[in-house]
Structures are given as C-alpha cells and as structure tokens.
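Here is what each chain is made of, one letter per residue.
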Amino acid sequence: SSGRFTTTLFFLVGKLLWSESTTPFHLTLIVVNCLTVFVLAWALFEIGVDWRIAATTGIIFLFNVSHYEVVYWLSCLSYLGCMTFGCLAMVHYWRYMVRQVEQGLLYCSLLILVAVSFHASAIIFVFLGGYFALRRGAPTSHVLKTIWIPLLLCVGYTTLIYLVYSNHPQNRNVAQIDEIL
C-alpha cells in the first residue's frame, strides 16, 4: 500500500464485491468522475463564483480527464477523491468563516482528513478555503486563528503516512529531494 488508505480500502471492498471483474471497478470510476465534476462546479458556485463559470470549470475538468483516459485508470481514484473531499472541505471552511456556520470547521477538518487520505496534495484546499473566505470579507485575524487546525491535520496525517510507508516508491519520489539534486 502507498498509504492512500481510502483508495486501498476501495480496492479491497471492490475485490470482495466484484472479485476479479474489472467492469464494476471501471463503471464505479466513471460515476465517481461525474460526481467529482458536479462537486467541483457546486463548490465553486457555493463560494460565490458565477454559475456559468462554475459549470464551465466542471466541464473543462471532465474534458481534461476524459482526454487522458483517466476515467479508465483505477489508480486515479486517488485524485478524484482528493478533489471531491477537498472541495467539500473548502466549502465548509468558507461557510464557517463567512456564514458563521458553527460546525463548518469540524466538517472541514474531517473532510480534509478524508481528502488527504486519498492524496497528500489535498493540503491546497485548506489554503483555498482561507483565500476564498478572505475574498468574501472574513476577518484576516479570524482566518489566521482557525486555518491552522485543518492545516495541522493535513501535515500530521501526511507525516504519519510517510513514517509508516517511508519505503514506498511514491513517498521516496515525493519526499526525498536529495535524489533530485
């Protein structure tokens, strides 16, 4: 395992349900791609982006992934899960900051953990949530007081996964810059 817990869990459950048949895996991945496009467009609309731009962004994302046949690559579930749960986390952080939804920070923190369990790059959604909250008038001091919670969760989880799976090739390629230099 690469430490992408949720992707590994998907493959294990899928194997139990569908055995060696790849068709259900691929059909599930197509559904997840469509769901990700919808969540991306909805998240952008929810945080105040014009619906035409949000919808166009979702369609462009769909065309991009379908062009590279990502829809059929099972391992790409990691990226889709990261995008879906990262967008949801960003919306909940934005709601917490702008609309004062009390549970928003809790939901953001839980969703960002799920997103990071798909892929470590989900950390960007923490910064995007803060950025969009600031753009909508959230006080800078309040953003700085709260953004560290989901940020710390991302860094902590990613560090834990790296320590547990330090020998996995993906972790070596991402985390060891000495080989690049």
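Going by the structure above, here's the rest.
Parameters and conventions
- Throughout this document, residue positions are counted from 1 along each chain, in the order its sequence is written.
- Under the rules for a predicted model, residues below a pLDDT of 70 receive no local features and side-chain atom pairs below 80 are neither given nor counted, while totals for whole chains, interfaces and linings still include all residues.
- Note that the side-chain values use all heavy atoms of the structure and ignore hydrogens as well as water.
- The helix count covers DSSP runs of H or I at least four residues long, the strand count covers runs of E at least two residues long, and both are numbered beginning at the N terminus.
- Working definition: with a 1.4 Å probe on protein chains only, accessible area under 20% of the residue-type maximum means buried, over 50% means exposed, and in between means partly exposed.
- Should any heavy atoms of two residues lie within 4.5 Å, those residues are counted as being in contact.
- In this analysis, axes come from line fits to C-alpha atoms, helices being fitted only over the stretch in contact, and the angle between any two N-to-C directions falls in the range 0 to 180 degrees.
- To sort the angles, those under 35 degrees are grouped as roughly parallel, those over 145 as roughly antiparallel, those from 65 to 115 as roughly perpendicular, and the leftovers as oblique.
- Crossing chirality is assigned from the near helix's rotation relative to the far helix, an anticlockwise turn below a right angle marking it left-handed and a clockwise turn marking it right-handed.
- Note on definitions: salt bridges are taken to be side-chain nitrogens of Lys or Arg within 4 Å of carboxyl oxygens of Asp or Glu.
- Two cysteine sulfurs form a disulfide in these notes if their separation is within 2.5 Å.
- What goes into a patch is any residue over 30% in relative accessible area without a salt bridge, connected to like charges within 9 Å or, for nonpolar side chains (Val, Leu, Ile, Met, Phe, Trp, Tyr), within 5 Å.
- The method behind every accessible area is Shrake-Rupley, applied with a 1.4 Å probe, and residues are considered shielded solely by the protein chains displayed.
- Each residue is assigned to one class: nonpolar for Ala, Val, Leu, Ile, Met, Phe, Trp, Tyr, Cys and Pro, charged for Asp, Glu, Lys and Arg, and polar for all the others, Gly among them.

S.K.: So what exactly am I meant to see when it comes to the overall build of the protein here?
M.R.: The number of helices and strands found in the protein is nine helices and zero strands. In the protein, the order of α-helices and β-strands from amino to carboxyl end is α-α-α-α-α-α-α-α-α. Across the 181 residues that make up the protein, the buried fraction comes to 40%. In the protein, once contacts between residues fewer than 6 apart in sequence are set aside, the share between residues at least 24 apart is 70%.

S.K.: Would you mind showing me how to read unusual backbone geometry here?
M.R.: Excluding glycine, a negative phi dihedral is what most residues carry, and trans is how most peptide bonds are arranged. The phi dihedral of Ser 19 falls on the positive side, at around 60°, and the residue is not glycine. Positionally, Ser 19 belongs in the loop between helix H1 (5–18) and helix H2 (23–46). Positive phi outside glycine occurs at Gln 100, with the angle close to 55°. You can see Gln 100 is positioned in the loop between helix H4 (77–98) and helix H5 (104–118).

S.K.: Honestly, the environment of Ile 47 in this entry has me stumped. Any pointers?
M.R.: Looking at the secondary structure, you find Ile 47 in the loop between H2 and helix H3 (51–67). A sequence separation of 86 residues divides Ile 47 from Ala 133, and the C-alpha atoms of the two residues are 8.4 Å apart. Leave out the neighbours within four places in its chain, and Ile 47 touches Met 90, Val 91, Trp 94, Phe 132 and Arg 136.

S.K.: How do you make sense of the packing of H5 against helix H8 (residues 148–164) when you look at a structure like this?
M.R.: Each pair of packed helices gets described by two things: the angle between the helix axes and the distance between those axes. At a minimum axis separation of 9 Å, H5 and H8 run at an interaxial angle of 25°. What the angle tells us is that H5 and H8 run roughly parallel. Handedness of the crossing formed by H5 with H8: right-handed. Of the residues in H8, those in contact with Leu 105, Cys 108, Ser 109, Ile 112, Leu 113, Val 116 and Ser 117 of H5 are Ile 149, Pro 150, Leu 153, Cys 154, Tyr 157 and Thr 158.

S.K.: When you look at the pattern of salt bridges in this model, what are you seeing that I'm missing?
M.R.: For side chains bearing opposite charge, pairing can occur when the charged atoms are close. Applying the stated criterion to the full structure yields four salt bridges. Between Lys 15 and Glu 20 there is a salt bridge, and its shortest N-O distance comes to 2.1 Å. On the accessibility criterion, Lys 15 (45% relative accessible area) is partly exposed.

S.K.: Is there a simple way to think about the state of the cysteines in this case?
M.R.: Chemically, a disulfide is nothing more than a covalent bond linking the sulfur atoms of two cysteines. Tallied over the full model, the rule gives zero disulfides. In this structure Cys 87 is a free cysteine whose sulfur lies 8.9 Å from that of Cys 82, the closest cysteine sulfur available. Residue classification places Cys 87 among the buried positions, given a relative accessible area of 2%. Here Cys 154 is not cross-linked by a disulfide; its sulfur's nearest cysteine counterpart is in Cys 108, at 8.2 Å. Classification of Cys 154 as buried rests on a relative accessible area of 1%.

S.K.: Just checking my understanding: could you explain the side chain of Ser 78 for this structure?
M.R.: Looking at where Ser 78 falls in the secondary structure, it is placed in helix H4. In this view, Ser 78 contacts Arg 4, Thr 7, Phe 118 and His 119; residues no more than four positions away in its chain are not counted.

S.K.: Quick question: what am I supposed to make of a nonpolar patch on the surface here?
M.R.: Among the surface-exposed residues, Phe 5, Leu 9, Val 13 and Leu 17 lie close enough to one another that they form a single nonpolar patch of about 390 Å² accessible area. In this structure, Phe 5 sits in helix H1.

S.K.: What exactly am I supposed to notice about the packing of H4 against helix H6 (residues 124–135) here?
M.R.: Between H4 and H6, whose axes approach to 8 Å, the crossing angle comes to 35°. Crossing handedness for the pair H4 and H6: right-handed. On H6, the residues that touch Cys 82, Met 83, Gly 86, Cys 87, Met 90, Tyr 93, Trp 94, Met 97 and Val 98 of H4 are Phe 125, Leu 128, Gly 129, Gly 130, Phe 132 and Ala 133. Residues of the contact of H4 with H6, tallied by class, amount to 12 nonpolar, three polar and no charged.

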